[in-house]
Amino acid sequence: MTDLSGKTALITGSVQGIGLGIAEAMAVAGARIAVHGLAGDAEAQEVCTHLRARGAADAAFFPGDLRDSDRIDELMAAVAAWGGADILVNNAGIQHTAPLAEMPREKWEAILQVNLTAAFLTMRSALPVMAARGFGRVINIASVHGLVASRDKAPYVAAKFGLVGLSRVAALEYAAKGDAAKGGVTVNCICPGWVETALIEPQIAARAAAHGGDRAKGVADLLSEKQPSLRMARPAEIGALALWLCAPAAHNLTGAAIPVDGGWTAQ
Ligand code: NAD
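Keep in mind it's a predicted model, so treat the numbers as computed, not measured.

A. Inspection of the side chain of Ser-143 at higher detail. With respect to the element layout, Ser-143 can be found in the loop between strand E5 (135-141) and helix H5 (154-174). Residue Ser-143 is classed as buried on the basis of its relative accessible area, which comes to 4%. Within the local environment of Ser-143, its side chain forms a polar contact with the backbone nitrogen of His-145, the two atoms lying 2.8 Å apart.

B. Spotlight on the site of the ligand. The environment of the ligand is formed by 30 residues, the closest being Ile-18, Asn-91, Tyr-156, Val-195 and Thr-197. Interatomic distance of 2.9 Å between a backbone N/O atom of Leu-66 and a nitrogen atom of the ligand. Within the side chain of Tyr-156, an N or O atom sits 2.5 Å from an oxygen atom of the ligand. Calculation on the ligand without its partners gives an accessible area of 830 Å², and the protein chains cover 95% of this total. At the level of elements, helix H1 (17-28) and H5 are the ones that each hand at least two residues to the shell around the ligand.

C. Up close: the sheet that holds strand E4 (residues 87-90). Spatial strand order, E3-E2-E1-E4-E5-E6-E7: 7 strands in an open sheet with parallel pairing. Either end of the sheet is taken by a strand with one partner, and the two such strands are strand E3 (58-62) and strand E7 (257-260). On average, each strand axis in the sheet is tilted by 20° relative to the strand beside it, whichever way the strands run. Where strand E6 (residues 184-192) meets E7, 4 bridges bridge the pair, whose relative direction is parallel. Residue pairing across strands places Cys-191 opposite Pro-259, the latter belonging to E7. On the sheet, H5 packs against E5, E6 and E7 and is oriented at approximately 165° with respect to E6. This element, helix H8 (residues 235-245), spans E5, E6 and E7 of the sheet and lies at about 165° to E6.

D. Focus on the domain arrangement of the protein chain. Domain annotation for the protein chain reports domain 1 (8-192 + 233-257) and domain 2 (194-232). Spacing between the C-alpha centres of domain 1 and domain 2 amounts to 25 Å. Each partner contributes residues to the interface: domain 1 has 15 residues there, and domain 2 has 11 residues. When domain 1 packs against domain 2, close to 810 Å² is buried across both sides, 57% of that on carbon and sulfur atoms. Taken as a group, Gln-95, Lys-153 and Ala-233 account for 44% of the area that domain 1 buries against domain 2, more than any other trio of residues on that side. At the boundary of domain 1 with domain 2, the tally comes to 0 salt bridges. At the surface where domain 1 touches domain 2, the tally comes to 4 residue pairs in polar contact (both at pLDDT 80 or more). Considering only residue class, the side of domain 1 that touches domain 2 consists of 7 nonpolar, 6 polar and 2 charged.

Parameters and conventions
Residues numbered from 1 in each chain as written. Predicted model: local features only at pLDDT ≥ 70, side-chain atom pairs only at ≥ 80, totals over all residues. Heavy atoms only, no water. Helix = DSSP H or I, 4+ residues; strand = E, 2+ residues; numbered from the N terminus. Buried < 20%, exposed > 50% of the residue type's maximum accessible area, 1.4 Å probe, protein only. Polar contact = N/O pair within 3.5 Å; in protein donor to acceptor, adjacent residues only side chain to side chain. Near = heavy atom within 4 Å. Areas by Shrake-Rupley, 256 points an atom, 1.4 Å probe, with all protein chains shown as cover. Pairing = 2+ DSSP bridges. Axes fitted to C-alpha atoms, helices over the stretch in contact; angles between N-to-C directions. Contact = heavy atoms within 4.5 Å. Domains from an automatic or database assignment. Buried area = accessible area lost by both parts, 1.4 Å probe. Salt bridge = Lys/Arg side-chain N within 4 Å of Asp/Glu carboxyl O. Nonpolar A, V, L, I, M, F, W, Y, C, P; charged D, E, K, R; others polar.

In structure tokens, the structure reads:
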């Protein structure tokens, strides 16, 4: 198993959902975890206690609303003072579905800021330190919507395509840093299809409503449209892939956008 003892991982949006699944996988591998997200004190401390119990060398909560670029700079300064991130997972994300002509400008701006600009700012801060150390991993949680489009998701698709492009630029700029023994500096995207988390609850609810409120039928309806496996992914499965990307053996895997989508983008 990948050993992350001595490494620090900052995972944005790690108080729930996919981010928590990734934090748990890295905790089991012995990393120090910088937990982040929109959460009250009690919830944040509960997550840190849980991660320490799972094996994290340490876990501390770092606040910072990603809608505000100044807060992002403060977040990165606080994590730098804690030792800096050897592993940066840009996971926090938001969604709003509506036809393009009805998409509120505030939703466009918020989705671009949280899902794309925040990743630029965290990477700009973290990558030079990773390069100096000869080891670094940036794992950006994009989406199948960074590879293909769906209707009613203009800002989300624009942000996720942007995140894939941003990751490729960074991968090129840092490809030659470090060496195989240290692990090098890699930048990749994970592109999930449907993963059962709070983020997609409104979309499940809308489908369930069309089946008399039957949630299971709503989920089946959503999957049958685009995800050939007909199975949701679970946050722990995304966590397992993220952990594998941190292994020294993954030093030559960079600039990739890896689908975990049950065949969605194979069609
Ligand atoms: P989620 O809603 O369960 O979690 C989102 C996380 O982001 C939370 O921890 C929240 O605190 C944090 N967050 C949201 N807005 C924030 C802000 N302004 N400032 C700081 N933190 C903020 O969602 P999830 O499904 O776990 O999504 C995680 C990532 O996975 C997102 O980038 C999402 O686009 C992506 N994704 C999800 C799915 C899916 O089916 N669930 C599919 C593809 C991609």
